[in-house]
Amino acid sequence: MAPVDPELDARWAAWLLERNRRGLVSALWIAGFLYPLFGVLDFLTAPRGWLWLLWGTRALVTLVTLVMFRLVRSSLFDRHPDLVSAGYMALLSLGISLMTVFMGGLSSPYYAGLSLTIVATGLLYVWPLKVVVLTHATIIASYVLPNLLNDPHTNPLTAISNQLFLVSTAIIVGTGQRLAYRAQRRQISDQLTIEHTKKNLEEAHEQLKQLDRFKSEFFANITHELKTPLTMMLAPLELLIDGQLGAISDSQRSTLASIERSGIKLRRLIGDLLDLSRLEESKLRLRVDRYDLVQFLQELVAQAEPLIQRKSLWLEFRSNVQSSGVYCDIERIERVLVNLLSNATKFTPANGHVTVTLTDEGPSVLIEVVDTGIGFPPGMADNIFRRFFQVDSSSTRRYGGTGIGLALAKELVELHGGRIWARGEVDAGATVSVWLPKDREHFAPEALDRRGPRSDHLSGSRSSDHGLADWHIDDNERHRLIDIDQASDLRVVERDFDEEQRPYSVLVVEDTPDVIRVIRLALHHDFRILAAPNGVKGLELARKHRPTVIVTDLMMPELDGLGLTRELRADPVTRHIPIVMLTARGDVSDRIRGIDSGVNAYLAKPFSSKELISTVRAQLQSQEASAELLLEQKLDSLQTLAGGLAHEIRNPLNYLQGAISALETDVRRLLEQGEKNEGSLPPAVAERTQKMFATARSGVKRIGGTVELMMRYSREGYTRSLQPYDLYPALRDVVALLKSTAAYDVQTTVELEGEALVSCVPEEMNQVLTNLLENAFQAVPTDGSGRITARGRNAGAMLVLSIRDNGPGIHPADVPRLFTAFFTRKGRTGGTGLGLTIVRRVVTSLRGTIHVESQPGAGAEFVIRVPRLNAREHKKPLTEVTGSEMTP
């Protein structure tokens, strides 16, 4: 069973009452007219003896019909509408059935009147099924029963035919009434549903209108309230930048300037939103006066031209008149034109053109901004003026924006009584046209500000018309064209004057400039910041500058973060650089793909500055730990290699030395026998033979010295423990070893004073001396003019060692980065970039220091200061050292 709906039942009952009331009224009128009229048929066909009965029946039914006109409006009908209407139709059929008794019985042609009655019930009334069945059964029974009782011997064929037609009519009409009853009830149900839906929609509409009013009011209030504290922030910020509140460093001024630019941009955005809210509520007022738009545009273009030229764009202004006076709110019109110019600048690539034209048309002016940029699809010409619409709304769109600039421009122009439209083609540029009437009369009075023109300060203005939030902090001079400034500024981040002195660098690869600026603000105090707008440029900068850490976005045009990571890991020069991936997508699959590609850490947007700094520092520490591990592995491998080579060389060297001695003995005996037998060799041959043997002995001795030096260097079998170690002999050994292996002549000078006994791991200290001297040998000229000076002296409790060369020197920008892991200027095959990192770690583990002094073209000098070991300390027990104890 269908669920009971009281409201539907009530509505259905009320509808049925009125519907059947109208049906009964119609039946009364029809019966009141036709019932007496058929008396003429009686006169023509009925026997004269029965006319009084037939006409009497018609008169009685007509009289009842007249009475029913009153009954149909009574409360009786309201309580029993089906009973009254069905009873009346039964009365009509009973009168007709009574006539058939005297007019042929079951074969009477008057049965057709009963058919008409049945059809009338179907057309005039909407009854439930039980009323339909009872009424039709009553009509048929009123015809059959009296005639059967009065004359059962009527013509059977005619009787059966009449009854069959009568019953068929009743079935057909009854079926139609049943269907009509259901259809009407369904219609009432649907109508009720529609009414409920309409009511709900109207209520929702009213609520939405109320919410929209609340939203607009709240929007206006909150934006106005936001401008006040923002103004209070920007005012002292400007004083700080100008130095009026005390001296600040260039780095601090750069940071404050970035904050000020963001604040001005935020205030401009708040102002646009506030204007949109006021326009929506028809509360924005114009301060209209007559201005020469030709002069105004000339000045605007002149001020914007240096900014736009930074992007290698050409800006041109054209006008068909020398002056054109137009009544307008010049600040609002300027807002429109600055927006159009900033859009043209933003969407036009380098070497493009932007043209501003003014055409005076007599009673109106037409201003057009034409660019040769990327354009837009022609079908979007109207959509670009919709609020918050973006031609490219994808997550990887190249150009940013809020989507309110052109919408605000459209409403401001229309508030002036003008029109704005655009046309463009993809990759064929765009043209935005602004048409303005020149007169003052077309402005609606309610659209004008009672304060009057902006150049006048009239009395009688409302207190609500101005306030702190309406102050302009030098806005018309320094930041009036901030939108154009940002659209044409190719600098992604501000550069600090002292950034070259920072030993570590971070490359930020991100296609959103604001995100790059946030990262720079967080990291630039400790790191040199490099920036790239996409993966292709990021890869180029990474190979060129070899940053300490790379922070990259995942979704970028041209080459995304994963592709960049794969390229970096495939390049031996950059494969060691830690990579931090930024992503707004937290999918596990993306993280897995990133880890597979070589990403070291993930940061989800939005991220905090502390989280970013902590992550970058963690990657830097991880890189330093990798350098420590490589140091240990390199020392171990060098020890093993040196010991192995010494052993491999010593054995054949002993054979060679023995063979030369035996050969020299044999030759001497031959020479002595020749002298006895008077067949001696010529004196020149004997002398040359002696010199050759001397040269061979000298060479063997030199090789033996080198082998001994390698044995002492390797210290095969020693443990890595702190030991008293004299650095002066070690320094002489390393100088001699490297000089003997040099491919060109190098003049070396060793000047040593005082004592050089230190507590260290000898193997590690040998590596320090080797790295510094090897760099010096590689830096000096190869034409024989190379000079290396190694000095040692005592400075109190410290031993000072210095190694100086006359090479090309070190660029000042590279000095802070010399000791960072993996930094090298030797090219792809010149080194790992770990040599000086090893030196610094060993020296600092001994509580010493190392620094470099260099000027381009004047060589370089590395100076090491380590604590000396006196005799008392020499007697103390030695301490075992592990890799972790070397960490400064």
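What you are looking at is a predicted structure, and each value in this text was computed from that prediction instead of being measured.

### Some remarks on the nonpolar core
1) Next: Formed by 47 residues in total, the largest nonpolar core has its most connected members in Leu293, Leu297 and Val356.
2) Next: Tallying contributions element by element places helix α10 (residues 293–309) first for this core, with nine residues.
3) Next: Residues contacting Leu297, with those up to four places away along its chain left out, are Phe317, Leu337, Val356, Leu358 and Ile367.
4) Next: Listed in part, the 41 residues of the second largest apolar core include Leu51, Met68, Ile96 and Ala159.

### A word on the sheet that holds strand β10 (residues 549–553)
1) Next: Taken together, five strands build an open sheet; the order of strands is β9-β8-β10-β11-β12 and the sheet is parallel. Pairing within the sheet leaves two strands with one partner each, and these edge strands are β9 (528–532) and β12 (601–604). Sheet twist, expressed as the mean angle between neighbouring strand axes with direction ignored, is 20°.
2) Next: Inspection of the sheet shows strand β8 (residues 505–509) paired to β10 by four bridges, in the parallel sense. Bridging across to β10, Val506 finds its partner in Val549.
3) Next: Helix α14 (residues 513–523) contacts β8, β9, β10 and β11 (579–583) of the sheet and is inclined by roughly 170° relative to β9.
4) Next: Strand contacts of helix α15 (residues 535–545): β8, β9 and β10, with the helix running at about 145° to β9, the strand carrying the most contacts.

### Considerations on the pattern of salt bridges
1) Next: Following the criterion strictly, the structure yields 15 salt bridges and no others.
2) Next: Its salt-bridge partner being Asp329, residue Arg332 comes within 4.0 Å of it at the nearest N-O pair. There is no split in this pair, since Arg332 and Asp329 are both buried.
3) Next: Bridged by salt links that share partners, the residues Glu18, Arg21 and Asp78 form one connected network.

### Some points on a nonpolar patch on the surface
1) Next: Residues Ile30, Phe33, Leu34, Leu37, Phe38, Val40, Leu41, Phe43, Leu44, Trp55 and Leu116 make up a contiguous nonpolar surface patch of about 1,100 Å² in total accessible area.
2) Next: Counting residues per element, the ones that place at least two in the nonpolar patch are α1 (6–37) and α2 (39–45).
3) Next: Counting through the fold element by element, Trp55 comes out in helix α3 (residues 51–71).

### Brief notes about the pairing of β8
1) Next: The buried count for β8 comes to five of five residues, which makes it a mostly enclosed element.
2) Next: Taking every second residue as pointing to the same face, both faces of β8 are buried, with Ser505, Leu507 and Val509 on one and Val506 and Val508 on the other.
3) Next: With five bridges connecting them, β8 and β9 associate as parallel partners. Across the sheet, the residue bridging to Val509 is Ala532, located in β9.

Rules of the game
- Residues numbered from 1 in each chain as written.
- Predicted model: local features only at pLDDT ≥ 70, side-chain atom pairs only at ≥ 80, totals over all residues.
- Heavy atoms only, no water.
- Core = buried A, V, L, I, M, F, W, Y, C linked by side-chain atoms within 4.5 Å.
- Buried < 20%, exposed > 50% of the residue type's maximum accessible area, 1.4 Å probe, protein only.
- Helix = DSSP H or I, 4+ residues; strand = E, 2+ residues; numbered from the N terminus.
- Contact = heavy atoms within 4.5 Å.
- Pairing = 2+ DSSP bridges.
- Axes fitted to C-alpha atoms, helices over the stretch in contact; angles between N-to-C directions.
- Salt bridge = Lys/Arg side-chain N within 4 Å of Asp/Glu carboxyl O.
- Patch = residues over 30% accessible without salt bridge, like charges linked within 9 Å, V, L, I, M, F, W, Y side chains within 5 Å.
- Areas by Shrake-Rupley, 256 points an atom, 1.4 Å probe, with all protein chains shown as cover.

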